[in-house]
Amino acid sequence: MDHKHLLRSLPKVDEVLRQPALAALELPQSVVTDLVREHIDCLRRRVLESELQVLPSMEALCEDICRAAKAAAKPSLRPVINATGITLHTNLGRACLSEKAVQAAAAAARRYSTLEYDLESGQRGSRYSHVEKLLCRITGAEAAMVVNNNAAAVLLILSALGKGGQVITSRGELVEIGGSFRIPEIMEQCGCSLREVGATNKTHLRDYEKAICEDTRALLKVHTSNFRIMGFTESVSLQELVALGQETGLPVIEDLGSGCFFDLETLGIHDEPTVMNSVKAGVDIISFSGDKLLGGPQAGIILCKEKWIKTLKSHPLTRAMRVDKMTLAALEATLDTYLDPEKARQEIPTIRMLAVDPALLKLRAENLYEKLTALGVTCQVIPEQDQVGGGSVPTQLLPTWAVAVDPQNVTVDRLEERLRRQSDIPIIGRIVKDRYLLDTRTLWEEDFDYIAGAVKEADQ
Ligand SMILES: *Cc1c(COP(=O)(O)O)cnc(C)c1O
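No experiment lies behind these values; they were computed from the predicted model shown. (Residues numbered from 1 in each chain as written. Predicted model: local features only at pLDDT ≥ 70, side-chain atom pairs only at ≥ 80, totals over all residues. Heavy atoms only, no water.)

### Digging into the site of the ligand
Moving on, step 1. Neighbouring the ligand are R94, N149, N150, A151, I177, F181, H223, S225, D255, G257, S289 and K292.
Moving on, step 2. N150 places a main-chain nitrogen or oxygen 2.9 Å from an oxygen atom of the ligand.
Moving on, step 3. S225 is positioned such that a nitrogen or oxygen atom in its side chain is 2.5 Å from an oxygen atom of the ligand.
Moving on, step 4. Its free accessible area being 380 Å², the ligand has 94% of it covered by the protein chains.
Moving on, step 5. For the shell around the ligand, the secondary-structure elements that each account for two or more residues are helix 8 (150–162) and strand 8 (252–257). (Near = heavy atom within 4 Å. Polar contact = N/O pair within 3.5 Å; in protein donor to acceptor, adjacent residues only side chain to side chain. Areas by Shrake-Rupley, 256 points an atom, 1.4 Å probe, with all protein chains shown as cover. Helix = DSSP H or I, 4+ residues; strand = E, 2+ residues; numbered from the N terminus.)

If you want it as structure tokens, here you go:
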């Protein structure tokens, strides 16, 4: 058949829209009309490119459109199952909130709240008051405030303290954390000039001392979150830098990045300093993320000496970086849990996942294995190693247990794709040595039946 005849036989949009299958779709008419038009256009293009010699039946066309419509009806931002074992998977949303934090965020979202209202006086209150006392109590800091994320916090601090002057930083700490957030460029954005000192691998106290001049506004220390310099290295300790700051009257600023409250050393995870350590050392202003090792909502937490809080709170950028009520509610609940470290370990998913005993992960893997083999899936329980993620703990892998699936009817790439693209709850796993791994560290046991069923179905 020639093109012309096929093109003439293409169904009209109205005709397709009248089909009962489409009329039954629970989607706005405009969305369905667009889908029908797209599908007919696609058919037309394929005819013109001689890809199609026969048009699909009306039933087949409607089936295709209904499938596309169902996919379009799903929200774009939706839950997934993280089978990668990476606790702070940045692309999958970093920290999962505790149940208490989820409830608090939902309650703040659903109804009116005391966001900026003081019940005692009946007057306007401050949105920062809800978490300031808690932050000070947990960390020992004199004052605290919260902005949208840590990138914003660093921007605010450098703008408020460094503008028009120089800020001194070690060459070993000029970090890029991704998403074009780099210390040198942030400085430029804040209107302060970066005075780099030392070398990539070694910076001495005398390097800072020599660089201090009339224009110096602050000394900045940046936690090298996502990399480590190993070998012939030396850096100036917080204590030394604070002593220099006190001697010269310059504030010491620290961008801690991950901002951990829980002493990970007790879990055998090295090299992640606690926030309390920096407060104790006497750092003037500290900032860190809410949704990295803290395990709370996305936020930038600032702890500082009393004398700096007014400058920060009244800075014009603060309003532009204002933290919202759901975040504050979730953060307050998370912080409240930290008042009891054992509770934090059990209830905050990030800490729980990092602290979990590998023996328990093995039991979990065996449980998932049982469910999979009961459905006829070929798999094996294997020991594995995990990254922490979120640009934290870059040089250490944590021991874990996973179920390695050997698909029998499709390739391992196809299995991965099917689990990722399925319409219900997508499962994100990783392929290692031609096997599909379900890593139990980041899984919830209540999802195991669903996961087993989905894997069985994807291997057909
Ligand atoms: C992650 C990180 C940031 C940015 O924090 P966000 O909360 O993601 O904005 C800034 N500095 C360092 C050192 C980091 O590790």
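Moving on from the model shown.
### A look at the layout of surface pockets
Moving on, step 1. In this structure, the largest pocket occupies an estimated 960 Å³ of space.
Moving on, step 2. Lining of the largest pocket is provided by 34 residues; of these, P79, L92, G93, A95 and C96 occupy positions nearest its centre.
Moving on, step 3. When contributions to the lining of the largest pocket are tallied by element, the ones reaching two or more residues are strand 1 (81–82), helix 6 (99–110) and helix 15 (325–338).
Moving on, step 4. By residue number, the principal contributor to the lining of the largest pocket is helix 15, which donates three residues.
Moving on, step 5. Taken together, domain 2 (81–90 + 353–458) and domain 3 (99–347) each give at least three residues to the lining of the largest pocket, which thus spans both.
Moving on, step 6. Space inside the second largest pocket adds up to approximately 590 Å³.
Moving on, step 7. Taken together, 28 residues form the lining of the second largest pocket, with E173, K221, H223, T224 and S235 sitting closest to its centre.
Moving on, step 8. Those elements giving two or more residues to the lining of the second largest pocket turn out to be strand 7 (216–222), helix 11 (238–248), strand 8 and helix 12 (275–281). (1 Å grid on protein atoms, 1.4 Å probe; cavity = no way out; pocket = protein on both sides within 12 Å on 5 of 7 lines; lining within 4 Å. Points joined across faces, edges and corners; volume = space filled by probe spheres on them. Domains from an automatic or database assignment.)

### Thoughts on the side chain of E254
Moving on, step 1. Inspection of the secondary structure puts E254 in strand 8.
Moving on, step 2. Polar side-chain contacts of E254 include one of 2.6 Å to the side chain of S278.
Moving on, step 3. Excluding anything up to four places from it in sequence, E254 contacts K221, L238, S278, V283, I285, I286 and S287. (Contact = heavy atoms within 4.5 Å.)

### Some thoughts on empty space enclosed by the protein
Moving on, step 1. Within this structure, the stated rule accounts for one cavity of 30 Å³ or more.
Moving on, step 2. Empty space within the largest cavity amounts to approximately 40 Å³.
Moving on, step 3. Taken together, V154, I157, L158, L220, I253, E254, D255 and S287 make up the lining of the largest cavity.
Moving on, step 4. Looking at the lining of the largest cavity, the elements with two or more residues in it are helix 8 and strand 8.
Moving on, step 5. Residue composition of the lining of the largest cavity, grouped by class: five nonpolar, one polar and two charged. (Nonpolar A, V, L, I, M, F, W, Y, C, P; charged D, E, K, R; others polar.)

### Examining the sheet that holds strand 11 (residues 379–386)
Where strands meet in a sheet, backbone hydrogen bonds hold them as pairs that are either parallel or antiparallel.
Moving on, step 1. Strand order in the open sheet made by the four strands is 11-12-15-14, with antiparallel pairing throughout. At either end of the open sheet lies a strand with only one pairing partner, and these are strand 11 and strand 14 (430–432). Strand-to-strand, the axes of this sheet are offset by a mean angle of 45°, without reference to chain direction.
Moving on, step 2. Inspection of the sheet shows strand 11 paired to strand 12 (residues 398–405) by eight bridges, in the antiparallel sense. Paired with C379 across the strands is V405, a residue of strand 12.
Moving on, step 3. Of the strands in this sheet, strand 12, strand 14 and strand 15 (435–439) are in contact with helix 19 (residues 412–421), which crosses strand 15 at around 40°. (Pairing = 2+ DSSP bridges. Axes fitted to C-alpha atoms, helices over the stretch in contact; angles between N-to-C directions.)

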